[in-house]
Amino acid sequence: MTASEIARETIKQMAVRRVEPTPDNYAQIYLEISGKPAKEDAASALRKALKQLPHDSMEQTNWVNRWEKVLKQDNWQGLADLLKEAMLQQLSHSTKWPKAIRTLMQGWDDKRTGMDIGKKREMLERVLINFGNDDTLSEKLLGMANNWLPADARVEGVTAAPESKDNTAVMAAPAAIEPLTKEELPVEVQQFHSAYTILQTLLKQTLHLGLIPRLEGYPDLQSEAVALQESTERAKKLKEWEALAKSLKALLLRVEVIGAKEDDVRGDIIDLLHLLLSNIGELVADDSWLSGQVYAVQSIIGGPLDRAKLKLAEKSLKEVIYKQGLLKHSLIEARNSFKTLISSFIDKLKYMGDASELYGGKIESYAQQLSQTDDLIKINELVNLLMRDTSVMQTDIMRSRDDLLNQQRVASDTQQRILKLQDELTQLSEVVRIDQLTGVLNRRGMDEAFSTEIARYRRNGEPLSVALLDIDNFKFLNDQHGHAAGDTALKHLASVVKRTVRPTDIVTRMGGEEFVVILPNTNLEEAVTTMSRLQRALTKEYFLGNNQKLLITFSAGVALFQEEDDVASILLRADQAMYLAKKSGKNRVMTDIDLQQNQA
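Criteria and thresholds
The residue numbers shown here count from 1 along each chain, following its written sequence. Confidence filtering applies because this is a predicted model: local features only for residues at pLDDT of at least 70, side-chain atom pairs given and counted only at 80 or more, and all residues used for totals across whole chains, interfaces and linings. Only hydrogens and water are removed before side-chain values are computed, so all heavy atoms of the structure are retained for them. Under the scheme used here, helices are H or I runs from DSSP no shorter than 4 residues and strands are E runs no shorter than 2 residues, and both carry numbers assigned from the N terminus. Summary of the burial criterion: residues with accessible area below 20% of their type's maximum are buried, those above 50% are exposed, and those between are partly exposed, where the area comes from a 1.4 Å probe applied to protein chains only. In what follows, a contact means two residues having at least one pair of non-hydrogen atoms within 4.5 Å. Accessible surface area values rest on a Shrake-Rupley calculation with a 1.4 Å probe, where residue burial reflects the displayed protein chains alone. For two strands to count as paired, DSSP must find a minimum of two bridges between them. By the criterion used throughout, a crossover qualifies as right-handed when its path from the first strand across the helix to the second strand runs clockwise, the strands pointing away from the viewer. The definitions used throughout rest on a 1 Å grid laid over the protein atoms alone, on which a cavity is an enclosed set of points accommodating a 1.4 Å probe that cannot get out and a pocket is an open set flanked by protein within 12 Å on both sides along at least five of seven lines; lining residues are those having an atom within 4 Å of a point. Grid points are joined across faces, edges and corners, and a volume is the space filled by probe spheres set on the points. Amino acids are sorted into nonpolar (Ala, Val, Leu, Ile, Met, Phe, Trp, Tyr, Cys and Pro), charged (Asp, Glu, Lys and Arg) and polar (every other residue, Gly among them). Axis lines are fitted through C-alpha atoms, for helices just across the contact stretch, and the angle between N-to-C directions can take any value from 0 to 180 degrees. Whenever two N or O atoms come within 3.5 Å, that pair is a polar contact, provided that in protein one can donate a hydrogen and the other can accept it, and provided that, for residues adjacent in sequence, both atoms are side-chain atoms. Here the angle decides the label: under 35 degrees means roughly parallel, over 145 means roughly antiparallel, 65 to 115 means roughly perpendicular, and every other value means oblique. Basic side-chain nitrogens of Lys or Arg form a salt bridge, by our definition, when they fall within 4 Å of a carboxyl oxygen of Asp or Glu. Residue types Ala, Val, Leu, Ile, Met, Phe, Trp, Tyr and Cys, when buried and joined through side-chain atoms within 4.5 Å, form a set referred to as a nonpolar core. Patches were defined on residues exceeding 30% relative accessible area and lacking a salt bridge, with like-charge contacts within 9 Å and nonpolar side-chain contacts (Val, Leu, Ile, Met, Phe, Trp, Tyr) within 5 Å. By definition, turning the near helix anticlockwise from the far helix through less than a right angle yields a left-handed crossing, and turning it clockwise yields a right-handed one. The length a helix should cover is 1.5 Å for every residue beyond the first.

With that out of the way, let us pick up the overall build of the chain. Tallying secondary structure elements over the chain gives 19 helices and seven strands in all. Residues counted as buried form 31% of the 600 residues belonging to the chain. Counting contacts in the chain only where the partners sit at least 6 residues apart, residues at least 24 apart contribute 61% of the total. Accessible surface, the chain as shown: approximately 38600 Å² in total, 56% of it carbon and sulfur.

Written out as structure tokens, the structure is:
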């Protein structure tokens, strides 16, 4: 290539690579294209040399970082200062070490300061531990040894380290090093620092929000957890974190033991509650509303405890307790009304009996007087007296009758209130038969419906078919769009099924994504037709899940009830036929006859 061609290609490559158009970059790419070796400048050579230097200590790392900083800034005056500093430091070291060793030997043997060998050995070990990898070690040794000598024998020009009360020299800190900003630190150091900060924060939050609140009943463990949380804020060195990890592990082991004991206690309480509810269920078997609530609680504690279900059961039980209070009050009113009615009835009968006896005596007297006189005036007077007494007797009887009728009305009104409350309690008990998510019958409602329909089948001999539906790819739907979309799909399917089947057909949710449809007076062929029509109706309707239009399908298995069947056997055949529909490609309807033919 000619020089002009190389120049054009160089400019093109600078644009493609998006490098800054500086003379250095142009020269580097020009030499690269022409094939000539690039001359390495002094800064690049120095950077390579710095990368090969050891980074075993913080002092070494900081020293290299200072050099890299001035190179990055093209600060040649700063580079000259560093070279001068390094040279002076090396010259200083070459003269300080012989002086330091000589002074150390003199101070070691000198006993005039009253410091014994043991104390000197302890001080020497301390200096070596603290400054063994430090460039100021010679200065520290010289200062320490000067302390061991009396004032008139000390080396001039050396500042002795100040002494503490126990005559122990206090070591000065290493020479200050110009700190680097966070952005100037190596990438690995920045990443480590960020990870350390995140982990420290997570540990504090875990202790504060996760562990400490759950140790309310264990003050000793809670205090220990609080102390560990405070330690996470102070821990800086590796040894401190190792001690913290050890303490945290010991605490968690103790918490685990307590948790296991609490799980055992919780299990024992649930077993006891199961036993109590079973006994109550036997005692109140005739009270449908109370037995329904017992069944609801048994269903909740029979599986994994769910707070939403517990709250729903609590709300239902509170409503029952309120209704029970009203019913009890009404029953007391009814009982008192009946007592008053009976008491009034007895009193009226007694009064009427006494009055009848009184009036009977008067009538008898009037009759005797009438038989003994022929005087018309006297007879007229006796008749008037008889009519007056008869009228009074009739008025008393009518008043007593009105009182009795009024008491009867009060008792009748009270009875109507009692019947109304009993109807409301019966409706309340129906809640435990309904699946709260989809609004169709739950497993208990399905069992009761099966009992009714099987009894009708055995009584009338009408065909009875059962269909078991399972949503296709339901797990994928949950994973892809979330559990809220899964719940919406279940409600959507239940709604479409209820609208499509006959009013006499019974729709139930057996559990999960499985539904059972009981089809009375329906043969196998008609049941397959119904399920196929339901599939077509479902494919015409979308539902919203996670703000998206979604379409679901189901596979169904249909079985015809036989004389020897029970609930378990017909559901098993329908379930096996449904799995055959799944294996055959999904969104299909298979029967127990198809299952037999497939097995043959």
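The next subject is the pairing of strand E6 (residues 554-560). Burial analysis of E6 places six of its seven residues in the buried class, which makes it a mostly covered element. Pairing analysis gives seven bridges linking strand E1 (residues 464-471) to E6, with the strands arranged antiparallel. When the sheet's bridge partners are listed, Asp470 is paired in E6 with Ser555. Of the strand pairs in this sheet, E6 and strand E7 (residues 589-591) are connected by three bridges, and their pairing is parallel. Within the sheet, the bridge partner assigned to Val558 lies in E7 and is Thr591. Traced from E6 through helix H18 (residues 567-583) to E7, the parallel crossover comes out left-handed.

Across all of its chains, the model carries two cavities of 30 Å³ or more by this definition. Forming the walls of the largest cavity are Glu453, Arg456, Tyr457, Glu462, Pro463, Leu464, Pro520 and Asn521. Broken down by element, the lining of the largest cavity gets its largest block of residues, three residues, from helix H14 (residues 443-460). When its residues are assigned to classes, the lining of the largest cavity shows four nonpolar, one polar and three charged.

Our next topic: the sheet that holds strand E2 (residues 506-511). Strand order in the open sheet made by the five strands is E2-E3-E1-E6-E7, with mixed pairing throughout. Of all strands in the sheet, those bounded by a partner on one side alone are E2 and E7. Adjacent strand axes in the sheet meet at a mean angle of 25°, parallel and antiparallel pairs treated alike. Running at roughly 140° to E6, H18 makes contact with E1, E2, strand E3 (514-520), E6 and E7 of the sheet.

Note that Asp472 resides in the loop between E1 and helix H15 (474-481). Residue class for Asp472 comes out buried when judged on its relative accessible area of 7%. Looking at Asp472, its side chain comes within polar contact range of the side chain of Thr553, at 2.7 Å. One polar contact links the side chain of Asp472 to the main-chain amide nitrogen of Phe554, over a distance of 3.5 Å. Setting aside anything within four residues of it in sequence, one finds Asp472 in contact with Thr553, Phe554, Ser555, Lys582, Lys586 and Asn587.

This part covers the packing of H14 against H18. Here H14 crosses H18 at 105°, and the two axes come no closer than 11 Å. Our classification of the angle between H14 and H18 gives roughly perpendicular. Within the contact between the two elements, H14 uses Met446, Phe450 and Ile454 and H18 uses Val567, Ile570 and Leu571. Across the contact of H14 with H18, the residue classes break down as six nonpolar, no polar and no charged.

Following the criterion strictly, the structure yields 13 salt bridges and no others. A salt bridge links Asp592 to Arg573; the shortest N-O distance between them is 3.1 Å. With Asp592 in helix H19 (residues 592-599) and Arg573 in helix H18, this residue pair connects regions lying 19 residues apart in the sequence. Using a relative accessible area of 7% as the deciding quantity, one classes Asp592 as buried.

Moving on, we come to the nonpolar core. Core analysis: the largest hydrophobic core is formed by 29 residues, its most contacted members being Leu469, Leu493, Val497, Val517, Met531 and Ile552. By size, the runner-up hydrophobic cluster in this structure holds 18 residues, among which are Leu441, Met446, Tyr457 and Val516.

Located in the positive-phi region is Asn521, a residue other than glycine, with phi close to 50°. Summarising the element assignment, Asn521 is placed in the loop between E3 and helix H17 (524-539). Taking relative accessible area as the criterion, Asn521 reaches 43% and is therefore assigned partly exposed. Backbone geometry places Lys586, a non-glycine residue, at a positive phi of 70°. Along the chain, the position of Lys586 falls in the loop between H18 and E7.

A few words now on a nonpolar patch on the surface. A cluster of nonpolar side chains, namely Ile198, Leu199 and Leu202, defines an oily patch on the protein surface of about 310 Å² accessible area. One can find Ile198 in helix H8 (residues 187-211). A residue is classified by how much of its surface remains accessible, and Ile198, at 52% relative accessible area, is exposed.

It is the contact of H18 with H19, at a shortest axis distance of 8 Å, that shows an interaxial angle of 65°. If you check the angle between H18 and H19, you find them roughly perpendicular. For the crossing formed where H18 meets H19, the hand is left-handed. Residue-level inspection shows Arg573, Gln576, Ala577 and Leu580 of H18 in contact with H19, the latter providing Asp592, Asp594, Leu595 and Asn598. Considering only residue class, the contact of H18 with H19 consists of three nonpolar, two polar and three charged.

Bringing H18 into the picture now. When the terminal C-alpha atoms of H18 are compared, their 25 Å separation across 17 residues agrees well with the 24 Å that a helix rising 1.5 Å per residue should span. For H18, every residue scored as buried is listed here: Ile570, Leu571, Arg573, Ala574, Asp575, Ala577, Met578, Leu580, Ala581 and Lys582. Two or three places before Ala568, at the opening of H18, Asp566 has a side-chain oxygen 3.3 Å from that residue's backbone nitrogen. Gly585 sits one or two positions beyond H18 and adopts a positive phi of about 125°.

Of the strand pairs in this sheet, E2 and E3 are connected by five bridges, and their pairing is antiparallel. Bridge assignment links Gly511 to a residue of E3, and that residue is Glu514. The hairpin turn running from E2 into E3, its antiparallel successor, is two residues long, and Gly512 in that turn takes a positive phi close to 60°.

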